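Observations on the model geometry
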Number of protein chains: 2
Amino acid sequence: MKITDIAKLAKTSTATVSRVLNNDPRVKEETRQRVLDIIKKTGYKRNTLGRNLRKMRSGNILAILPTILNPIYARIIDGVERQANKSGYGVIIAVSHRKKENERKQLEMLQTKEVDGAITFVSSLDEQFLGEMAREYPLVLCAGFTHCENVSYTCIDNEKAVYDGMKYLLSLGHKRIACINHKFSKVYEYQRKMGYERALKEARLPIRPEYMITNCTDFKDGYNYTKKLMELPEPPTAIFAFSDKIAAGCIKCLNEIGVKVGSEVDVMGFDNIELCEMITPTLTTINQPLEEMGMVAFDMLYEKIKNIKTTRKAVIMDHKLIIRQSTRPMKNA
Amino acid sequence: MKITDIAKLAKTSTATVSRVLNNDPRVKEETRQRVLDIIKKTGYKRNTLGRNLRKMRSGNILAILPTILNPIYARIIDGVERQANKSGYGVIIAVSHRKKENERKQLEMLQTKEVDGAITFVSSLDEQFLGEMAREYPLVLCAGFTHCENVSYTCIDNEKAVYDGMKYLLSLGHKRIACINHKFSKVYEYQRKMGYERALKEARLPIRPEYMITNCTDFKDGYNYTKKLMELPEPPTAIFAFSDKIAAGCIKCLNEIGVKVGSEVDVMGFDNIELCEMITPTLTTINQPLEEMGMVAFDMLYEKIKNIKTTRKAVIMDHKLIIRQSTRPMKNA
DNA sequence: TTGTACGCGTTATCAC
DNA sequence: GTGATAACGCGTACAA
């Protein structure tokens, strides 16, 4: 059943049927009804494949995730999907597993017109390549920072977020604060490090390399590094982990070696995922507005799809300190 | 740049170019090279829109999720995506938010040829409607059970899974075991209830309605219901929650009211999500092979896409008891 | 081994 | 308001 069949049955032309389907106002009410009747009677559904070819668009966008198992990305996608849905776009997810070749191949879907635009996250591709793609195709970076012209992006101010977290820990009376950073050499990791160091400098406290853990990916790493930190001659009195899962690893470790979290040693996370409320003690953290970032990312992409000439945009979202049980004023402060 | 341009530049026909693009062996090596050279030189990429119309397929499948925020679905999608990727299919995600109208509209994408097949999860649609769609289009149910002809499905044996969990708890010496079931009136919830009751009957223990909580959705509910359970004149000595998040709520509550989990009261979850290892004590649970279920679901769908006439299939996956710290032999057993 | 010619289903243009 | 017709880019049956 195709548009020509409907036209014949309604004794009109394909053009008119198409107009009805697209709510073109210049169709006589009587004709419209006749066509709609036939459509209803036959159960005709328009074939999107033909439509897409004619309009030279796919109606889908691509979201390239490093992994979907991290709830952070799930939440961002939730925002993207919600917003895309409103504009009638479908969201195709592609998992890069942080492999350059995968991401490259996935971005090719822009060139083959399989998707009308793409949202990428912490990218493993060089900025040059990204920039070249963005010159020709709608491309947006979400939850990350880029120097690239043409690539719009949205993220929080990571330097300030960590700085604010540190200020809070310092205000509790901590003098020995460790931080645990991620593994992948991304701009935001550098920015977080800077925030950590700035806060210490302003407080006239030393920056101790043994307190600055890097190459930490997940829960298990958080657990292991915490053990090492606590074995130092002068262990820290607070640990600021730059992800909640890592912080959960810290807490797990401290619980096991009998150190009271939230009195003897404070722990702070980053992201504010569901987990924070589930562990004991509950986890103080920095909130990232992930759903909103996803929504903003889609909106920026949509704008680019509608008019590729729009200039690049940066939307910096607000972070927020969420205080829970894992941090408390020091007794001897 | 389209296929005709390449044909002209390579001094051949569009048919031959198309053959080269599709690795048709009956092209002279010399011609093939000439075409490939031009393709490389011009950076030509084939337009998928034209191709899709011609082949009357979209190259995408749809995954209709109740929500993407539950890590369970994220893990299933991981399996689906992985497998789809191998076959060159894209995965479009659509979130139904458990709304009938949403799900219905999303399934329409099959009729409009926007997707070549669909995987649905715990569906809120009546079986009749699902069955009708499945007669015409490739449709698969993942992590759920259905009576529908035409709808292939994959899931674990939920009755036996709960039964096995109960047998384990009984073997530890428990005589008063509560269970906390979900909210949505799905077949699998009924099956789990049956498993719970069968185990009690076989052990000649009474089935106490006050120990059978229902309408429990998430962490917070688990927390609240546990409080109520422990306020009973005869509180249970073990709680079997039919989701890990709910179980985490139980543990949280017990921790707070000073009841030792894993000695005074045992707690058991369901699903084996990451969380189980992160909380204290770690959570005994029933593992569902979620990634594998996603992979199987895609494979079944793929088979249907290739040949819609294939008969309906059911793949029952193995569950597994994972023992951790939240359960232990009772002292006085 | 290659080329010609047509059709996939829709929308846009133009003429009426 | 409406209808005829030409694209959109590709794949393939058929002929050579």
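For the structure itself, look to the data block above.
Model, not experiment: these values are computed from the prediction.

Considerations on the overall build of chain A
When helices and strands are counted, chain A shows 13 helices and 12 strands. Against the compact-globule benchmark of 20 Å for 333 residues, chain A has a radius of gyration of 26 Å, which places it well outside the compact range. Along the first, second and third principal axes, the C-alpha atoms of chain A reach 90 × 40 × 30 Å. Expressed as a percentage of the 333 residues in chain A, the buried residues total 55%. Considering only intrachain contacts with a sequence separation of at least 6, the fraction spanning at least 24 residues in chain A is 69%. Once the 53 positive and 40 negative side-chain charges of chain A are each reduced to a mean point, those two points are 6 Å apart.

Section: the pattern of salt bridges
Enumeration according to the criterion identifies 30 salt bridges over all chains in this entry. Among the salt bridges present, the one from Glu210(A) reaches Arg208(A), with a minimum N-O distance of 3.8 Å. A relative accessible area of 38% places Glu210(A) in the partly exposed class. Here Glu29(B) and Arg32(B) are joined by a salt bridge, their closest N and O atoms 3.6 Å apart. Pair noted here: Glu29(B) and Arg32(B) are both in helix α3 (residues 29–42), with a separation of 3 residues, about one helical turn.

Some points on the relation of the copies chain B and chain A
Note: a rotation about an axis with an accompanying shift along it relates these two copies of the chain. Rotating chain B by 180° and moving it 0.1 Å along the rotation axis overlays it on chain A with an RMSD of 0.1 Å. Taken together, the turn and the small shift mark the pair as related by a two-fold rotation axis. Proximity to the rotation axis, assessed at the C-alpha, singles out Ile92(B) in chain B; its C-alpha lies 2.1 Å from the axis. Residue by residue, 100% of the interface of chain B is reproduced at the interface of chain A, so both copies engage with the same surface.

Quick notes on the protein's contact with DNA strand D
With respect to spatial proximity, 26 residues lie near DNA strand D, and among them Thr12(A), Arg19(A), Thr31(A), Tyr44(B) and Arg54(B) are the closest. The share of sugar and phosphate among atoms of DNA strand D within 4 Å of the protein is 59%. Within the side chain of Thr16(A), an N or O atom sits 3.0 Å from a phosphate oxygen of DNA strand D. Gly50(B) is positioned such that a nitrogen or oxygen atom in its backbone is 3.3 Å from a base nitrogen of DNA strand D. Of the residues belonging to the surface near DNA strand D, the class tally is 7 nonpolar, 9 polar and 10 charged.

A short note on helix α2 (residues 14–21) of chain A
All names here are of chain A. Of all the positions in α2, only Thr16, Val17 and Val20 are classed as buried. The buried residues of α2 occupy an angular sector of 100° when the element is viewed end-on, so they sit on one face. Backbone geometry just downstream of α2 places Asn23 in the positive-phi region, at approximately 55°.

Side note on the sheet that holds strand β6 (residues 177–180) of chain B
Residues and elements named next belong to chain B. Taken together, 4 strands build an open sheet; the order of strands is β7-β6-β8-β9 and the sheet is parallel. Two strands bound the open sheet, and with one partner strand each, they are β7 (212–213) and β9 (266–268). Note: β6 against β7, 2 bridges, orientation parallel. Along β7, the bridge assignment pairs Ile180 with Ile213.

A short note on the protein's contact with DNA strand C
Taken together, 26 residues are adjacent to DNA strand C, and Tyr44(A), Arg54(A), Thr12(B), Arg19(B) and Thr31(B) come closest. In DNA strand C, atoms within 4 Å of the protein come 60% from sugar and phosphate. Thr16(B) places a side-chain nitrogen or oxygen 3.1 Å from a phosphate oxygen of DNA strand C. For the surface near DNA strand C, the residue count by class is 7 nonpolar, 9 polar and 10 charged.

Overview of the nonpolar core
Phe121(A), Ile180(A), Phe240(A), Phe121(B), Ile180(B) and Phe240(B) are the most contacted members of the largest nonpolar core, which totals 149 residues. Counting residues in each nonpolar core, the second largest holds 42 residues, with Phe129(B), Leu141(B), Val151(B) and Tyr153(B) among its members.

Details of the packing of helix α2 (residues 14–21) of chain B against α3(B)
Residue and element names in this part refer to chain B. Their axes nearest at 10 Å, the elements α2 and α3 cross at an angle of 85°. Viewed along their axes, α2 and α3 adopt a mutual orientation that is roughly perpendicular. Of the residues in α3, those in contact with Thr16, Val17, Val20 and Leu21 of α2 are Thr31, Arg32, Val35, Leu36 and Ile39. Residues belonging to the contact of α2 with α3 are distributed by class as follows: 6 nonpolar, 2 polar and 1 charged.

About the criteria used
Residues numbered from 1 in each chain as written. Chains lettered and ligands numbered in written order. Predicted model: local features only at pLDDT ≥ 70, side-chain atom pairs only at ≥ 80, totals over all residues. Heavy atoms only, no water. Helix = DSSP H or I, 4+ residues; strand = E, 2+ residues; numbered from the N terminus. Rg over C-alpha atoms; globule rule 2.2 N^0.38 Å. Buried < 20%, exposed > 50% of the residue type's maximum accessible area, 1.4 Å probe, protein only. Contact = heavy atoms within 4.5 Å. Lys, Arg positive; Asp, Glu negative; His and termini not counted. Charge placed at Lys NZ, Arg CZ, Asp CG, Glu CD. Salt bridge = Lys/Arg side-chain N within 4 Å of Asp/Glu carboxyl O. Least-squares fit on C-alpha atoms with pLDDT ≥ 70 in both. Near = heavy atom within 4 Å. Polar contact = N/O pair within 3.5 Å; in protein donor to acceptor, adjacent residues only side chain to side chain. Nonpolar A, V, L, I, M, F, W, Y, C, P; charged D, E, K, R; others polar. Arc of directions from axis to C-beta. Pairing = 2+ DSSP bridges. Core = buried A, V, L, I, M, F, W, Y, C linked by side-chain atoms within 4.5 Å. Axes fitted to C-alpha atoms, helices over the stretch in contact; angles between N-to-C directions. Parallel < 35°, antiparallel > 145°, perpendicular 65-115°, else oblique.

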